[in-house]
There are 2 protein chains.
Amino acid sequence: MELDIRKKKILQAIIKNYLETGEPVGSRTISKYTDLELSAATIRNEMADLEEMGYIFQPHTSAGRIPTDAGYRLYVDDMLQSRTEELNEMSADLKNRSELLESRSELLERREEELDTAQSNVADRVERIESVLKDVVKMLANNTNYTSVISMPQANRNKLKFVQLTQIDEKKLLCTVVLEGNIVKNEMIRIDTDMDQQILLRLNLLLNNTLNGLTLQEINFDMAARIAEQAEQYGPLVSDIINHIAATIGSADGIEIFTSGARNIFRYPELSDSMRAGELISTLEEKELLTELMTDTGEESPDAGTGIQVYIGQETSVSSMKDCSMITATYEFEKGVYGKIGIIGPKRMDYEKVVDALNDVTDSLDRKFSKKR
Amino acid sequence: MELDIRKKKILQAIIKNYLETGEPVGSRTISKYTDLELSAATIRNEMADLEEMGYIFQPHTSAGRIPTDAGYRLYVDDMLQSRTEELNEMSADLKNRSELLESRSELLERREEELDTAQSNVADRVERIESVLKDVVKMLANNTNYTSVISMPQANRNKLKFVQLTQIDEKKLLCTVVLEGNIVKNEMIRIDTDMDQQILLRLNLLLNNTLNGLTLQEINFDMAARIAEQAEQYGPLVSDIINHIAATIGSADGIEIFTSGARNIFRYPELSDSMRAGELISTLEEKELLTELMTDTGEESPDAGTGIQVYIGQETSVSSMKDCSMITATYEFEKGVYGKIGIIGPKRMDYEKVVDALNDVTDSLDRKFSKKR
DNA sequence: GTTAGCACTCCACTAACACGAGTGCTAACA
DNA sequence: TGTTAGCACTCGTGTTAGTGGAGTGCTAAC
């Protein structure tokens, strides 16, 4: 059996209707509220076919139809494709582009304003990226009524840019590590050896000369031993310090994620029962399971190229999210340093609205960060 | 009407039973399962009195009784008092002490072990306080089946200990700020002025000489202006830097809080309905509302002195927690630098077990951190 | 002051039933 | 051959009525 245009239209109608109402949709509804001009009986026949093909299913006999994951996938792929085509047209014809942009501009402006006011609260304070991201993710959650997630920007390969040791008191050294992409980490190191400024200066030089430009993978035991040798009697101290540095770089791998609007899952009955909600909340709270999704570059995903990735149901391979869909987008903090922003909702979420919202937000983040540079 | 001993015993019996079963408790239950040897009818009379006094109430006619907040308060105060008395006895008589300790030792040891294994995962990595706290709070949530909360240790008055400017590249200075209690913060500062090592050294000296030992309150515009003046042509840059430093100290006020086991609220039906659960989840996610509770020194609380604080229902003044109780304890990270650990559960939580668990955890944290010094 | 007895209340649970939305199938129609 | 009307059937939802049991308050007797 093949998926002709009429079937596709009916499938789309079913999904659209289901997204709006959240109720199984029956043949009568489709026959009445679409421009297909077909009777309910005909629709029923087509629906039986669609069910056989695995795009829709009935929760029970004598109920309407609900899209399956495959159905959603088809719908989303179509949607994304028509989006990118639209985008291409837009860039081909500048006039059209500005007109089309205008149609979206209200929403965009409002969001922009909110972004600005969110930051004017910290106007004369220094703008801290962390709080910017927290504001953004909160705003997104509020606007969409879905749970939102954002990751701190992350260099894809953490190269060491700069190390500095500073003496804090007799027993403590502060080790400041700067990574590619200007990610800064600190580590307090307890020492037993006596120290003076001269030695500290020498150690700083030694460490910077030998370690700068290296990744965590390149700083191994072998190399640590060689450097420690050069440090003569300070060898043990130096190898201790190198351990700390390695650990620090490693900890920078631990991507930081903020969530907002977790309570929104209670808006959707299919996610609200204690079991499901509890598991989801755990996933959001512990964040480990999210990192995979928030670092997935989506190279081989069907939505590649647009920067937008859509995971439907099981596609996340996070079991607590099997009844959810997640859409992510990438923003650029500095050249080569990216972060992700995502939205988690029920499978019947408003994919179009969410994709728009994410595009707007990443656009405005990109502009904001590039302006700063 | 006065609260004689018999009434108190009955009240305690009611509460104990309710904590166990979660069901309203009737007169028959009390008359059968206590050593009071009174008939149900007598208990009923006493119950009517206790209700009049506001310690218990009926969810509806012809149901058993449930403790009110006042009832819980009485119960908890009694419990805490007998605990501290027990403690005093223990310290008075060393022999007794070791015996009593032994009785608790199993639990303590198991917990200790878990703590250790939790950390041996990061054995050869550097032990980062953040991950230690996260492990602890997670363990606590798992052991108690309540939601747990922990705050990063925080100096009560943030004094500046040390500042350092470092040049990262032509356009960027890294400003490292160390506060009393060895809290380290970083700030990236964009500059337009040209820089060289000489000038940087001078600025570093100037800033450290003038700012060290000051609190945020003491670094005002007036002083910034005076320092900027001393910096001659670098005045604007310096005042910009001072702004950044002030902002950084300010941001250190933003206490960091980790939560674990949020899903545990679904174990307790009285917290699980969408509305309540949603609000609670929000409170846990946003954390702002928790800061007040997690910084409350509890000086004027009824449980003062023990380090343990108990908030019952409305006592938290956080509306989403009106059906919860929260118990917090204080741990010491360094001298004068404290953090708090807390447990949030239904009002009918097992107060005794929780107090024990918190005492154990703070003890072991105290020991761990003091050992490290 | 304590207790047994009794009438009363109210929740929780179950069974029965009606309703309605939706289906699949068949037969008729264009 | 594709489309449509009609019809019997299914199944979840909501309503109603009825029952049982746990618990109370009150009264009267001990």
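Higher on the page you've got the structure.
Anyway, here's the lowdown on the structure attached to this text. Just so we're clear, the structure is a prediction, and the values are computed from it rather than from any experiment.

Calculation notes
- Residues numbered from 1 in each chain as written.
- Chains lettered and ligands numbered in written order.
- Predicted model: local features only at pLDDT ≥ 70, side-chain atom pairs only at ≥ 80, totals over all residues.
- Heavy atoms only, no water.
- Helix = DSSP H or I, 4+ residues; strand = E, 2+ residues; numbered from the N terminus.
- Buried < 20%, exposed > 50% of the residue type's maximum accessible area, 1.4 Å probe, protein only.
- Polar contact = N/O pair within 3.5 Å; in protein donor to acceptor, adjacent residues only side chain to side chain.
- Contact = heavy atoms within 4.5 Å.
- Near = heavy atom within 4 Å.
- Nonpolar A, V, L, I, M, F, W, Y, C, P; charged D, E, K, R; others polar.
- Pairing = 2+ DSSP bridges.
- Axes fitted to C-alpha atoms, helices over the stretch in contact; angles between N-to-C directions.
- Parallel < 35°, antiparallel > 145°, perpendicular 65-115°, else oblique.
- Core = buried A, V, L, I, M, F, W, Y, C linked by side-chain atoms within 4.5 Å.
- Expected span 1.5 Å × (residues − 1).
- Phe/Tyr/Trp six-rings, centres within 6.5 Å; stacked < 30°, edge-to-face > 60°.

A short note on the side chain of Ser 320 of chain A
All names here are of chain A.
Moving on, step 1. Mapped onto the fold, Ser 320 is located in the loop between β9 (309-312) and β10 (324-334).
Moving on, step 2. A relative accessible area of 10% places Ser 320 in the buried class.
Moving on, step 3. A distance of 2.5 Å separates the side chain of Ser 320 from the side chain of Thr 283, its partner in a polar contact.
Moving on, step 4. The residues contacting Ser 320, other than those within four sequence positions of it, are Glu 279, Leu 280 and Thr 283.

Notes on the protein's contact with DNA strand C
Moving on, step 1. Near DNA strand C lie 19 residues; those nearest to it are Ser 27 and Arg 44 of chain A together with Arg 6, Thr 42 and Ser 62 of chain B.
Moving on, step 2. Sugar plus phosphate: this is where 74% of the atoms of DNA strand C within 4 Å of the protein reside.
Moving on, step 3. In this structure, a sugar or linking oxygen belonging to DNA strand C sits 3.5 Å away from a main-chain N or O atom of Ala 63 of chain A.
Moving on, step 4. Take Arg 44 of chain B: an N or O atom from its side chain is 3.3 Å from a base oxygen of DNA strand C.
Moving on, step 5. For the surface near DNA strand C, the elements supplying multiple residues, two or more each, are α3 (40-53) of chain A together with α3 (40-52) of chain B.
Moving on, step 6. If you tally residues by element for the surface near DNA strand C, the top one is α3 of chain B, at four residues.
Moving on, step 7. Here the residues of the surface near DNA strand C are counted per class, giving four nonpolar, eleven polar and four charged.

What to know about the protein's contact with DNA strand D
Moving on, step 1. In the vicinity of DNA strand D there are 19 residues, among which Arg 6, Thr 42, Thr 61 and Ser 62 of chain A together with Ser 27 of chain B approach most closely.
Moving on, step 2. Counting only the atoms of DNA strand D within 4 Å of the protein, the fraction contributed by sugar and phosphate is 77%.
Moving on, step 3. Contact distances for DNA strand D include 3.4 Å between a sugar or linking oxygen and a backbone N or O atom of Ala 63 of chain B.
Moving on, step 4. Per-element tally for the surface near DNA strand D: the top contributor is α3 of chain A, with four residues.
Moving on, step 5. Taken together, the residues of the surface near DNA strand D sort by class into four nonpolar, eleven polar and four charged.

Thoughts on the sheet that holds strand β6 (residues 172-179) of chain B
What holds strands together in a sheet is hydrogen bonding between their backbones, with the strands either parallel or antiparallel.
Residues and elements named next belong to chain B.
Moving on, step 1. Pairing within the open sheet is antiparallel, and its three strands lie in the order β5-β6-β7. Since the sheet does not close on itself, it has two edges, and those belong to β5 (160-169) and β7 (183-190), each with one partner. Each adjacent strand pair in this sheet contributes to an overall mean axis angle of 20°, direction not counted.
Moving on, step 2. As paired strands, β5 and β6 are joined by eight bridges and run antiparallel to one another. In the sheet register, Phe 162 faces β6, and the bridge partner there is Val 178.
Moving on, step 3. On top of the sheet, helix α7 (residues 197-211) reaches β5 and β6; it is set at about 165° to β5, its chief contact.

A few points about the packing of helix α1 (residues 5-21) of chain A against α3 of chain A
All names here are of chain A.
Moving on, step 1. Axis separation between α1 and α3 bottoms out at 10 Å; the angle between their running directions is 90°. Of the possible angle classes, the one that applies to α1 and α3 is roughly perpendicular. Here Arg 6, Lys 7, Ile 10, Leu 11 and Ile 14 of α1 lie close against α3, whose contacting residues are Thr 42, Ile 43, Glu 46, Met 47, Asp 49, Leu 50 and Met 53.
Moving on, step 2. In terms of residue class, the contact of α1 with α3 is made up of seven nonpolar, one polar and four charged.

Points about the sheet that holds strand β6 (residues 172-179) of chain A
All names here are of chain A.
Moving on, step 1. The sheet built from three strands is open, its strands ordered β5-β6-β7 with antiparallel pairing. Across the chains shown, the open sheet's two edge strands, defined by having one partner strand only, are β5 (160-169) and β7 (183-190). Each neighbouring strand pair of the sheet contributes to a mean axis angle of 20°, computed without reference to strand direction.
Moving on, step 2. Of the strands in this sheet, β5 and β6 are in contact with helix α7 (residues 197-211), which crosses β5 at around 160°.

Brief notes about the pairing of strand β10 (residues 324-334) of chain B
Residue and element names in this part refer to chain B.
Moving on, step 1. Among the eleven residues of β10, nine are classified as buried, and the element is accordingly described as predominantly covered.
Moving on, step 2. Pairing between strand β9 (residues 309-312) and β10: four bridges, direction antiparallel. Across the sheet, Tyr 311 pairs through a bridge with Met 326, a residue of β10.
Moving on, step 3. Pairing of β10 with strand β11 (residues 337-346) involves ten bridges; the strand directions are antiparallel. The partner of Met 326 across the bridge, within β11, is Ile 344.
Moving on, step 4. Between β10 and β11, which pair antiparallel and follow one another directly, the connecting turn spans two residues, one of which, Gly 336, has a positive phi of 85°.

Considerations on the nonpolar core
Moving on, step 1. With 144 residues, the main nonpolar core has Tyr 351 of chain A together with Tyr 351 of chain B as its most contacted residues.
Moving on, step 2. In this structure, Tyr 351 of chain A is in contact with Leu 19, Tyr 72, Tyr 75, Val 76, Met 79, Val 310, Ile 312, Ser 325 and Ile 327 of chain A, ignoring residues within four places of it in sequence.

Brief notes about α1 of chain A
Residues and elements named next belong to chain A.
Moving on, step 1. For α1, with 17 residues, the first-to-last C-alpha span of 24 Å sits near the 24 Å given by 1.5 Å per residue.
Moving on, step 2. If you check which residues of α1 are buried, you get Lys 7, Ile 10, Leu 11, Ala 13, Ile 14, Ile 15, Asn 17, Tyr 18 and Leu 19.
Moving on, step 3. Of the residues trailing α1, Gly 22 is marked for its positive phi of about 75°.

A look at the packing of aromatic side chains
Moving on, step 1. The final tally for this structure, using the stated rule, is nine aromatic pairs over all chains.
Moving on, step 2. With 6.1 Å between their ring centres and 35° between their planes, Tyr 331 of chain A and Phe 369 of chain A make a pair best called tilted. Here Tyr 331 of chain A is found in strand β10, whereas its partner Phe 369 of chain A is found in helix α13 (residues 351-372), with 38 residues between them in sequence.
Moving on, step 3. Tyr 331 of chain A gets classed as buried once you look at its relative accessible area, which sits at 0%.
Moving on, step 4. Ring centres 4.8 Å apart and planes at 80° place the aromatic pair Phe 333 of chain B and Phe 369 of chain B in the edge-to-face group. One end of the pair, Phe 333 of chain B, is in strand β10; the other, Phe 369 of chain B, is in helix α13 (residues 351-372), with 36 residues separating them in the sequence.

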